[in-house]
Amino acid sequence: MQMMTRDVLLEMELEEDDDDDGDIVLENLEQTIVSGFGSLESQQDFRTPEFEEFNGKPDSLFFSDGQRRIDFVLVYEDESRKETNKKGSNEKQRRKRRAYESNLICDGLQLEATRSLLDDKLVFVKVHAPWEVLCTYAEIMHIKLPLKPNDLKTRSSAFDNFNWFTKVLQVDESIIKPEQEFFTAPFEKNRMNDFYIQDRDTFFNPATRSRIVYFILSRIKYQVRDNVKKFGINKLVSSGIYKAAFPLHDCSFSSPSEDLSCPNERYLLYREWAHPRSIYKKQPLDLIRKYYGEKIGIYFAWLGYYTQMLLLAAVVGVACFLYGYFNQNNCTWSKEVCDPDIGGKIIMCPQCDKLCPFWKLNITCESSKKLCLFDSFGTLVFAVFMGVWVTLFLEFWKRRQAELEYEWDTVELQQEEQARPEYEARCTHVVINEITQEEERIPFTTWGKCIRITLCASAVFFWILLIIASVIGIIVYRLSVFIVFSAKLPKNLNGTDPIQKYLTPQMATSITASLISFIIIMILNTIYEKVAIMITNFELPRTQTDYENSLTMKMFLFQFVNYYSSCFYIAFFKGKFVGYPGDPVYWLGKYRNEECDPGGCLLELTTQLIIIMGGKAIWNNIQEVLLPWVMNLIGRCRTVSGAEKKTPRWEQDYHLQPMGKLGLFYEYLEMIIQFGFVTLFVASFPLAPLLALVNNILEIRVDAWKLTTQYRRMVPEKAQDIGAWQPIMQGIAILAVVTNAMIIAFTSDMIPRLVYYWSFSIPPYGDHPHYTMEGYINNTLSYFNVADFKSKSKENPYTELGDYTACRYRDFRYPPGHPQEYKHNIYYWHVIAAKLAFIIVMEHIIYSVKFFISYAIPDVSKSTKSKIRREKYLTQKLLHENHLKDMTKNMGVIAERMIAVVDNNLRPKSD
């Protein structure tokens, strides 16, 4: 029978030469997974799961015998009942699945199959891991398990004196009971007596059981072909042999289980975490970690902490905005723009060739009023504050993260992380380890690794160039459509037309370009996500953490350019290189460069931020809420005929949406992009932290609702920290100081106003007897002689647009007739010097404060360090004492035997 099994696999190999779903060598897998349960080749025949009927208990989490717990569920479609003509293909899938399930049984897992009540083509294979299997793989995976209850004192909070207030925000401990703390150590079968095993059924909690079973499922082979083996549940699902694979939720989210032994953790999470009525409460992080694993727990811990810190930033931002709002009436330069006797009499030069008319300054009255809200002294204060805030947030998060590492027992997690099965399978090259001087296998040589890195870097660089090309396309659109909007501007120049009043050519161009930019951003995001995953798969990182970190860096680099490039263009390039009306600068030799409003480009940058931040938040919520809800609704409608039946838990969970291994990655990416908007460009929009705060409060509950109600339960995963997102945030924090300083210096008009107030409003440059902002607008607009337009063309293109001899433009240049006409004047050089000095001073002050805070606040608090050392000491002491007890006991047994032998030898023999 053993030869028969081999012949079946060989027959599969001959028939499936055209199958290309991923051939991978698996020569070293057996060296990694040491199991005492045998393999398929050593068995006499295929082993198949037993078919059992549903026992009528919809809340049951056990096999039909009511004893063995369901640790995982596999779902497939019975090929014999498929309505298809591809009999050969169906037979191949069936034989692969039989080989895989037989290997699972040979590896010690227990399987039980049940046919669907709603669709008789579906079969649910329930997987149970017995005690021996759990112990074997817990040791292989270096899983930490309880030794004894932790008797150390719990962490005291700085808010203990405000229990009357914080109690309202806390989750009721009578509903969600605090978890008992334990000293833990990596599990070893030969030291099983050292561990705190009161009940074998509960020693491994459901999350740990699912982790172990998934580890096995990911490494069991199902096909052999010339030493090339295909393996793992992920490939079987992706190739359609299985429809799904998932651990079970423990109950319904809307009601507790009828089984009195069920902890109803899903129901508790929905009630105390995901339900809208709990929006003001703190998150039950320990229960989230217990049910979904540390990886999801650390995400919600970080998101919650980020949201708490945003509260302070939002309060200060609103205060700065209100400062600008209440001082709006004192905005002298805006009054001058709106004054019919000042702004109404200033004729501005056309902003494009031939089609653009002359225009009066006062048509920008409304935009100048709005600009007063954001371009004020409060914005400067807020930019400095945010430079310090982001440092405080990162440093205090490190401390909080260290506390979670201790509380969740992930301090030494890196020692227990296993290599990805995809990496293990490709380890075909043998090298000598420099440290151990022993042979080990790696997936490719040094030269092969260099080639892969070069190809991956080239692909990423190509996509970044593609984004830059799209940004250039948006710029060309801006330049082209501005001419159209300017040509449509009414020629009467009375400044009272509603279109002129609220929709200037600059504003219309900015809004439409921002919307088009947002659409392009979302399209490129969708495409690049798939490309980045393909590149990272080709790169072949060793562990899941390495894989996610590599993908994180690629995706963020792309998203950084994709989301922020248009903002950088408006902030630092638009209106900076335009020349003057007689000698304009042309983009690509054809399009005349854009100019800013007389008040600068700050308002346009604010508009861009609002559209992208708001549009992104709306789009993400549509994707996160409506999409899974609609998909589940469609699934329920398809099975409405059997809705009256009581369906088992595994069938209810199957009709939920799969989360996907990168589901959490996109949640992080969404928040980090938001973090960039809040910090990098906050000088242009002080209300950004408030919008982020509102979004995050909803985001936490939306994500919680989505996880508990719309998605299948994810395989719990360990995580020590937030991974590569931490250095990314630190890089953003450093860059934010520079961008905000440059926004205030070069995008806003704050520095020119200060220079005018302190130097050019009084003699020798000004005519006013005291410091004032009066006359600022007239001082910042240069004169141009309309007759000088002829110098660049054979005839004046503006002769039909009005009988004007001079017009004004935004720049600091000498007037016509001056010995240095149209050259930069002394005001310009004073402003440039002030801007550079401001950037240097602001950067040095904020960086000094940042580095001082980073030095003064340690990453791990003293109390946490002490607890970690104390627990490590007590754990080692406990293990050592137990080891000594075992040795003493064994020595005592040996001594008794020796005494008995000696006594028998010395005792006189009877005749």
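Since this is a predicted model, take the numbers as computed values, not measurements.

## Things to note about the state of the cysteines
Counted under the stated rule, the structure contains 3 disulfides. A disulfide bridge connects Cys331 with Cys372, and the sulfur atoms are separated by 2.2 Å. Taking the sign of the torsion about the S-S bond as the criterion, the disulfide between Cys331 and Cys372, at about -75 degrees, is left-handed. In this pair, Cys331 is assigned in the loop between α11 (294-326) and α12 (332-338) and Cys372 in helix α13 (residues 365-374), connecting sequence segments 41 residues apart. The residues Cys331 and Cys372 share a single accessibility class, namely buried. A disulfide bridge connects Cys338 with Cys365, and the sulfur atoms are separated by 1.9 Å. Judged by the sign of its S-S torsion, about 100 degrees, the cystine formed by Cys338 and Cys365 is right-handed.

## So, the nonpolar core
In this structure, Trp302, Phe393 and Phe677 are the most contacted members of the largest nonpolar core, which totals 149 residues. When neighbours within four sequence positions are excluded, Phe677 is seen to be in contact with Tyr563, Tyr564, Cys567, Leu609, Ile612, Met613 and Val682. If you look at the next biggest cluster of nonpolar residues, it comprises 47 residues, including Ala113, Ala129, Phe195 and Ile220.

## As for a nonpolar patch on the surface
A surface patch of nonpolar side chains, about 770 Å² in accessible area, is lined by Ile618, Ile622, Leu626, Leu627, Trp629, Val630, Met631, Leu633 and Ile634. For Ile622, a relative accessible area of 38% translates into the label partly exposed.

## Considering the environment of Ile176
Positionally, Ile176 belongs in the loop between α5 (163-169) and β7 (182-186). Residue Ile176 is classed as buried on the basis of its relative accessible area of 13%. On a C-alpha basis, the gap between Ile176 and Leu268 in space is 7.2 Å, while along the polypeptide they are 92 residues apart. Sequence-distant contacts of Ile176, that is, excluding residues within four places in its chain, are made with Val171, Leu268, Glu272, Pro284 and Leu287.

About the criteria used
- Residues numbered from 1 in each chain as written.
- Predicted model: local features only at pLDDT ≥ 70, side-chain atom pairs only at ≥ 80, totals over all residues.
- Heavy atoms only, no water.
- Disulfide = S-S within 2.5 Å.
- Helix = DSSP H or I, 4+ residues; strand = E, 2+ residues; numbered from the N terminus.
- Buried < 20%, exposed > 50% of the residue type's maximum accessible area, 1.4 Å probe, protein only.
- Core = buried A, V, L, I, M, F, W, Y, C linked by side-chain atoms within 4.5 Å.
- Contact = heavy atoms within 4.5 Å.
- Patch = residues over 30% accessible without salt bridge, like charges linked within 9 Å, V, L, I, M, F, W, Y side chains within 5 Å.
- Areas by Shrake-Rupley, 256 points an atom, 1.4 Å probe, with all protein chains shown as cover.
- Salt bridge = Lys/Arg side-chain N within 4 Å of Asp/Glu carboxyl O.

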